[in-house]
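# Structural features, examined
What follows is each chain in one-letter form.
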Amino acid sequence: MVRSTAARYKTDVTRPRPAVALDGPAGAGKSTVARLTARALGFTLVDTGALYRTVALAAQRAGIPWSNTEGVASQARRLAEGALQMRPNPEGAVCVLLDGEDVSSQIRTPEMSFGASQVSSIPEVRAALLAMQRGAASEGGVVLEGRDIGTVVLPDAEAKFFVTASPEVRARRRHEELLARGFPSSFEQTLAEVLQRDEADSNRSVSPLRAAEDAELVDTSAMTIEEVVARIVQRVRQITGAR
Ligand code: DC
């Protein structure tokens, strides 16, 4: 199934500049790495998790429970048809507009992390967001950050990385980030949530979280963000040097 999609897509590709796929679980430092990598390469960042988060928010605002697959899918289609816009902000992060309103911070709450995880398991939601993600990459010069970029969205991305870290390291980072942003948090609970989300993301039937066969594995447990970015940027330049 995935293979035939990949094969069909490959023939359509005419990107003038390379696309970088950055996948991995929550809390591996992927978002920061993606933002700094995009900046260092002069590429545009596409945060695909933000799309799923915005679907969760739009459903909630419309009074649609995340378990209502048809209702949530129709919100995803509405977003893909133009209700959702993404713009880079001056810091190089992504600013998300829902019906013209900047919802960048509303989508980054623990509640919307949970909602995004729920809605991302709905096949019709994933299908609705697929064309949008491919469209964003059609000119290249992009870093797409997500869970299934190297496997499903851009199987022919010129450079693919799977950024990960141990569950304990990821939970500690998430816990510290939540505290810094003023959310109450306990390490044990955060670790339990990390493990629960890993389980849900890795075992869902559509686009489960897994590294593409041709992705380079980057374990950030014992690396600084700067070291990770330097390694990825160097690899991208190496891989795409001829272009
Ligand atoms: O990266 P994030 O925490 O913002 O992602 C939020 C949720 O969306 C997470 O549970 C996994 C899901 N997601 C996905 O299924 N596919 C993607 N390409 C990106 C995110």
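Residues numbered from 1 in each chain as written. Predicted model: local features only at pLDDT ≥ 70, side-chain atom pairs only at ≥ 80, totals over all residues. Heavy atoms only, no water.

Attention now moves to unusual backbone geometry. For D99, which is not a glycine, the phi torsion comes out positive at approximately 50 degrees. Its place among the elements puts D99 in the loop between strand 4 (94-98) and strand 5 (101-102). (Helix = DSSP H or I, 4+ residues; strand = E, 2+ residues; numbered from the N terminus.)

With that settled, consider the site of the ligand. The environment of the ligand is formed by 14 residues, the closest being R53, R126, R147, D148 and R204. Computed on the free molecule, the ligand has an accessible area of 450 Å², of which 96% lies beneath the protein chains in the complex. For the shell around the ligand, the secondary-structure elements that each account for two or more residues are helix 3 (48-61), helix 5 (110-119) and helix 9 (187-203). Looking at the shell around the ligand, the element that brings in the most residues is helix 3, giving four residues. Among the residues making up the shell around the ligand, the classes are represented as two nonpolar, five polar and seven charged. (Near = heavy atom within 4 Å. Areas by Shrake-Rupley, 256 points an atom, 1.4 Å probe, with all protein chains shown as cover. Nonpolar A, V, L, I, M, F, W, Y, C, P; charged D, E, K, R; others polar.)

Let's shift gears to the confidence of the model for the chain. With 93% of its residues at a pLDDT of at least 70, the chain reaches an overall mean of 89. A low-confidence stretch, residues 1-12 (pLDDT under 50), is modelled with eleven contacts involving residues beyond four sequence positions or located in other chains. (pLDDT = per-residue confidence, 0-100. Contact = heavy atoms within 4.5 Å.)

Ordered by their spatial adjacency, five strands build an open sheet running 2-6-1-7-8, and the pairing between neighbours is parallel. Of all the strands in the sheet, just strand 2 (44-47) and strand 8 (216-219) have a single pairing partner and so form its edges. Each strand of the sheet is rotated relative to its neighbour by a mean of 20 degrees, with strand direction disregarded. With five bridges connecting them, strand 1 (residues 19-23) and strand 6 (residues 142-146) associate as parallel partners. (Pairing = 2+ DSSP bridges. Axes fitted to C-alpha atoms, helices over the stretch in contact; angles between N-to-C directions.)

Our next topic: helix 10 (residues 225-239). What sets the pattern is the α-helix's 3.6 residues per turn: residues three or four places apart point alike. For helix 10, spanning 15 residues, the distance from its first C-alpha to its last is 21 Å, which sits close to the expected 21 Å at 1.5 Å a residue. Listing the buried residues of helix 10 in full gives V228, V229, I232, V233 and V236. End-on, the buried residues of helix 10 take up no more than an arc of 125 degrees, which puts them together on one face. Of the exposed residues in helix 10, the ones pointing more than 90 degrees away from its buried face are E226 and Q238. Residues of helix 10 that are buried make contact with strand 1, helix 2 (30-41), strand 7 (159-164) and strand 8. (Expected span 1.5 Å × (residues − 1). Buried < 20%, exposed > 50% of the residue type's maximum accessible area, 1.4 Å probe, protein only. Arc of directions from axis to C-beta.)

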